[in-house]
Amino acid sequence: INSLGKLETLAKQMAGILADERPFHPYSSLLCFTAEDPLPQSIQHQLLAAATICGHQTTLAHITSCEKASAAFDFGRQTAERLSFASPVLGITYALPASWDRERLLHQLCTPKGNLRYPPTAFLKPFTSAERNLFAAFLGAIIAAAHNRTLVVLDDSLTEIIGAYAKCLCPDIHPYLLSVQPQLFPLGISCSHGWIAALGIQAVQASLHMLNQMKTF
């Protein structure tokens, strides 16, 4: 229901980002931040499967060498800048260590109603050093990619929340962020590892296919 309307809105968003009234499907990439090195094979297989769906390149960004959040922010910024120069569509996801509790992180970042729990300028403080580094790398990547006129496709709810904090810190990046759930697909998917971002990238592909090859009247 209303799928063409959503695709038309997405096509307009891409046309604005690419400054082209009828843009063809651009090259896409998936950036996965992780605090584990090496990454477990099971997660590598999931990332590969998500990449296969959309035909995009996947980049693993290990933040284990970052000692401070500022260094992690710069690492995320530099990684996203490098990718965004060649890719106008960038999906962002993560792979948490097995010992981390994703639900605890979600609860700490936002209220049960989905409101941000902390002021944007101070939301990193309650977390451990490793958690701060992961979130700081996310912030650096989201802000840098958006400033390079790249559509940032957010993955799961944890990624969405970091994106919300990023928008509060830099409101001008709002048009460059794409929320997949529930705006495009109200499926209630909770997994990360790029699956939801892959769906979003497919929606981008579909919107530009509709724009260039379909008549919707």
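Residues numbered from 1 in each chain as written. Predicted model: local features only at pLDDT ≥ 70, side-chain atom pairs only at ≥ 80, totals over all residues. Heavy atoms only, no water.

It is worth spelling out the state of the cysteines at this point. Following the criterion strictly, the structure yields zero disulfides and no others. Sulfur of C168: no disulfide; nearest cysteine sulfur belongs to C170 and is 10 Å away. Look at C168 and you get partly exposed, because its relative accessible area is 44%. (Disulfide = S-S within 2.5 Å. Buried < 20%, exposed > 50% of the residue type's maximum accessible area, 1.4 Å probe, protein only.)

Counting across every chain of the model gives five salt bridges. R102 is the partner of D156 in a salt bridge, and the nearest nitrogen-oxygen pair spans 3.0 Å. You can see D156 sitting in the loop between β4 (151-154) and α6 (157-169) and its partner R102 sitting in helix α4 (residues 102-109), a full 54 residues away along the chain. Residues D156 and R102 agree in their burial class; the two are buried. Two residues, R104 and E131, come together in a salt bridge whose shortest N-O distance is 2.3 Å. Pair noted here: R104 is in helix α4 and E131 is in helix α5 (residues 129-147), with a separation of 27 residues, a long-range link. (Salt bridge = Lys/Arg side-chain N within 4 Å of Asp/Glu carboxyl O. Helix = DSSP H or I, 4+ residues; strand = E, 2+ residues; numbered from the N terminus.)

Contact geometry of helix α3 (residues 69-84) with α5 gives a least axis separation of 7 Å together with a crossing angle of 35°. At the point where α3 passes α5, the crossing takes the right-handed sense. Between α3, through A69, A72, F73, G76, R77, A80, E81 and S84, and α5, the contact on the second element is made entirely by R132, N133, A136, A137, L139, G140, A141, I143, A144 and A145. Residue classes in the contact of α3 with α5 are distributed as eleven nonpolar, four polar and three charged. (Axes fitted to C-alpha atoms, helices over the stretch in contact; angles between N-to-C directions. Left-handed = near helix turned anticlockwise from the far one by under 90°. Contact = heavy atoms within 4.5 Å. Nonpolar A, V, L, I, M, F, W, Y, C, P; charged D, E, K, R; others polar.)

Let's shift gears to unusual backbone geometry. The phi angle at R149 is positive, at roughly 60°, despite the residue not being glycine. For R149, a relative accessible area of 38% puts it in the partly exposed group.

Across a sheet, strands are paired by hydrogen bonds formed along the backbone, either parallel or antiparallel in direction. Strand order in this open sheet of five strands is β2-β1-β3-β4-β5, and the pairing throughout is parallel. For this open sheet the edge positions go to β2 (57-62) and β5 (177-178), each flanked by a neighbour on one side alone. Running over the sheet, α3 touches β1 (28-34), β2 and β3 (89-95) and is turned about 165° from β2. (Pairing = 2+ DSSP bridges.)

Let us look at α6. For α6, spanning 13 residues, the distance from its first C-alpha to its last is 19 Å, which sits close to the expected 18 Å at 1.5 Å a residue. Buried within α6 are the following residues: L158, T159, E160, I161, I162, G163, Y165 and A166. Where α6 is buried, its residues meet β3, α4, α5, β4 and β5. (Expected span 1.5 Å × (residues − 1).)

On to the packing of α4 against α6, then. Any two packed helices are characterised by how steeply their axes cross, that is the angle between the axes, and by the distance between the axes. Relative orientation of the contacting elements α4 and α6 amounts to 25°, with a least axis distance of 10 Å. With respect to α6, the axis of α4 lies roughly parallel. The way α4 lies across α6 gives a crossing that is left-handed. Two secondary-structure elements touch here, α4 through R102, L105, L106 and L109 and α6 through S157, L158, I161, I162 and Y165. In the contact of α4 with α6, the residues fall into seven nonpolar, one polar and one charged. (Parallel < 35°, antiparallel > 145°, perpendicular 65-115°, else oblique.)

To continue, consider the environment of L31. Structurally, L31 can be placed in strand β1. Apart from the residues lying within four places of it in its own chain, the contact partners of L31 are T59, A61, T79, L83, L90, G91, I92, T93 and A141.

Looking at where T59 falls in the secondary structure, it is placed in strand β2. When sequence neighbours within four positions are dropped, the list of residues in contact with T59 reads L30, L31, C32, R82 and L83.

The next point concerns the packing of aromatic side chains. All chains considered together, the criterion is met by five aromatic pairs. When the ring of F33 is compared with that of F138, the centres are 5.5 Å apart and the planes differ by 55°; the resulting orientation is tilted. Residue F33 is found in strand β1, and its partner F138 is found in helix α5; the two are separated by 105 residues along the sequence. For F33, a relative accessible area of 0% puts it in the buried group. Given a relative accessible area of 2%, F138 falls into the buried group. (Phe/Tyr/Trp six-rings, centres within 6.5 Å; stacked < 30°, edge-to-face > 60°.)

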